[in-house]
Amino acid sequence: MSEAGRVLVVGDVMTDVIVRPEGPLVRGSDRRAKIESRPGGSGANQAVWLGSMGAKVSLVARVGAKDKPHLEAYFRSFHVDPILVADPQSPSGVLVILVDADGERSFLTDRGANLALEPSDMPVGLLDETRLVLLSGYSLFAEGPRRAALRLAEEARRRGVPIALDAASVGFLREVGVGSFLEWTRGMSTLLANADEAEALSGAGDLTAQMIALGAYFERVIIKRGARGAAVGGRQGVRLDEPAPQVEVVDTTGAGDAFAAGFITAELLGAREAECLRRGIEAGSRAVKQLGGQPEQTAC
């Protein structure tokens, strides 16, 4: 990977508590389950996947003070430069992931220290030698981190640094308001959204209509369609639509983050858009075959 610039990832760092029940939950009673904890968070996932693929990457986030040393060591083991701010009051974020029988997941989120991200945590000097800012939508769903993230994004645009935005969560998009989210992010270079997020943001169920509607706000739109693959387009409609290989799904957590890393890594290496799309789909397909949202430690 070229040393000429890096990817600057802005997003959450979480601990994922992954719960795989043996069957449907029994309200008011017990259900056996396999439970384990792993590093997670959309921003962290993206950074670790990028680092594992050889990209030069830095991660900006806020974490609980007691967790900062071991988190820094963990990220460095994946070749990620951790720019972590220690929060003296709030603990690091925690995400409970309920994984059902077909690998689909539902989330219970306590974002903890991530909600305290401030503009001073992200001085504009971070943009020096940055080729791309990868911004998680989670940073826009609360006022404090939104103010910090949009300030950095404004300076990135002033410098001509492209911004890729991951829509992150259809539930939180609806909570903050689709119209507001689109106005905050209008003019960013690339939108990455899954099928549900694209439908919510565009108000359309048809892929072409989604591309055209979202292309009015973003230079490029990438829609991740799960088992159907992914598509790239914009205001002119769909340019590319590639299927995904059939794989055995263990856990879909982090598949979109792996896709983003695969696409971006290929693009930084100068690949054409079609190859970038294939690389993203390959990475997402790899991710769903394992438990958790980040690659195994052996990948570094």
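Note: the structure precedes this text.
No experiment lies behind these values; they were computed from the predicted model shown. (Residues numbered from 1 in each chain as written. Predicted model: local features only at pLDDT ≥ 70, side-chain atom pairs only at ≥ 80, totals over all residues. Heavy atoms only, no water.)

Asks: Hey, could you go over the sheet that holds strand E10 (residues 190–194) for me, with residue numbers and the actual values?
Replies: An order of E5-E4-E1-E8-E9-E10-E11-E12-E13 is seen for the nine strands of this open sheet, with the pairing classed as mixed. Two strands close off the open sheet at either side, each with one partner strand: strand E5 (80–87) and strand E13 (237–242). When the angles between neighbouring strand axes are averaged without regard to direction, this sheet yields 20 degrees. Where helix H8 (residues 255–268) meets the sheet, its contacts fall on strand E1 (6–10), strand E8 (130–136), strand E9 (163–166), E10, strand E11 (220–224) and strand E12 (230–234), and the angle it forms with E11 comes to roughly 140 degrees. (Pairing = 2+ DSSP bridges. Helix = DSSP H or I, 4+ residues; strand = E, 2+ residues; numbered from the N terminus. Axes fitted to C-alpha atoms, helices over the stretch in contact; angles between N-to-C directions. Contact = heavy atoms within 4.5 Å.)

Asks: Quick one: what's the story with the sheet that holds strand E6 (residues 93–99), residue by residue and with numbers?
Replies: The mixed open sheet is built from four strands, whose spatial order is E3-E2-E6-E7. The outermost strands of the open sheet, each flanked by one partner alone, are strand E3 (33–40) and strand E7 (105–110). Pairs of neighbouring strands in the sheet enclose a mean axial angle of 20 degrees, with direction left out of account. Note: strand E2 (residues 14–21) against E6, six bridges, orientation parallel. In the strand pairing of E6, Val 19 is matched with Leu 98.

Asks: Lay out the side chain of Thr 185 with the relevant residues and their values.
Replies: By secondary structure assignment, the location of Thr 185 is in helix H5 (residues 178–185). Here Thr 185 falls in the buried class, since its relative accessible area comes to 0%. Only 2.8 Å separates the side chain of Thr 185 from the backbone oxygen of Phe 181, close enough to count as a polar contact. Contacts of Thr 185, omitting those with residues within four sequence positions, involve Leu 140, Arg 157, Leu 165, Tyr 217 and Phe 218. (Buried < 20%, exposed > 50% of the residue type's maximum accessible area, 1.4 Å probe, protein only. Polar contact = N/O pair within 3.5 Å; in protein donor to acceptor, adjacent residues only side chain to side chain.)

Asks: Account for the environment of Thr 15, naming residues and giving values.
Replies: Tracing the chain through its elements places Thr 15 in strand E2. Its relative accessible area of 33% is what places Thr 15 among the partly exposed residues. When the C-alpha atoms of Thr 15 and Asp 110 are compared, they prove to be 9.8 Å apart, with 95 residues separating the residues in sequence. In this structure Thr 15 touches Ser 37, Arg 38, Gly 40, Gly 93, Val 94 and Leu 95, once residues within four positions along its chain are discounted.

Asks: Before we move on, could you go through helix H9 (residues 273–287) and cite the residues and values that matter?
Replies: Relative to the 21 Å expected for 15 residues at 1.5 Å per residue, H9 spans 21 Å between its end C-alpha atoms, a close match to the ideal helical length. Residues of H9 that are buried: Cys 276, Leu 277, Gly 280, Ile 281, Ala 283, Gly 284, Ser 285 and Ala 287. The inward-facing, buried residues of H9 contact helix H1 (42–52), E12, E13 and H8. (Expected span 1.5 Å × (residues − 1).)

Asks: Would you mind going over the nonpolar core in detail, with residue names and values included?
Replies: Grouped together as the largest cluster of nonpolar side chains are 42 residues, with contacts concentrated most on Val 7, Leu 50 and Phe 75. Looking at which element gives the most residues to this core, the answer is H8, with nine residues. For Phe 75, the residues in contact, after removing those within four places along its chain, are Val 13, Ala 44, Val 48, Leu 59, Val 80, Pro 82 and Leu 84. (Core = buried A, V, L, I, M, F, W, Y, C linked by side-chain atoms within 4.5 Å.)

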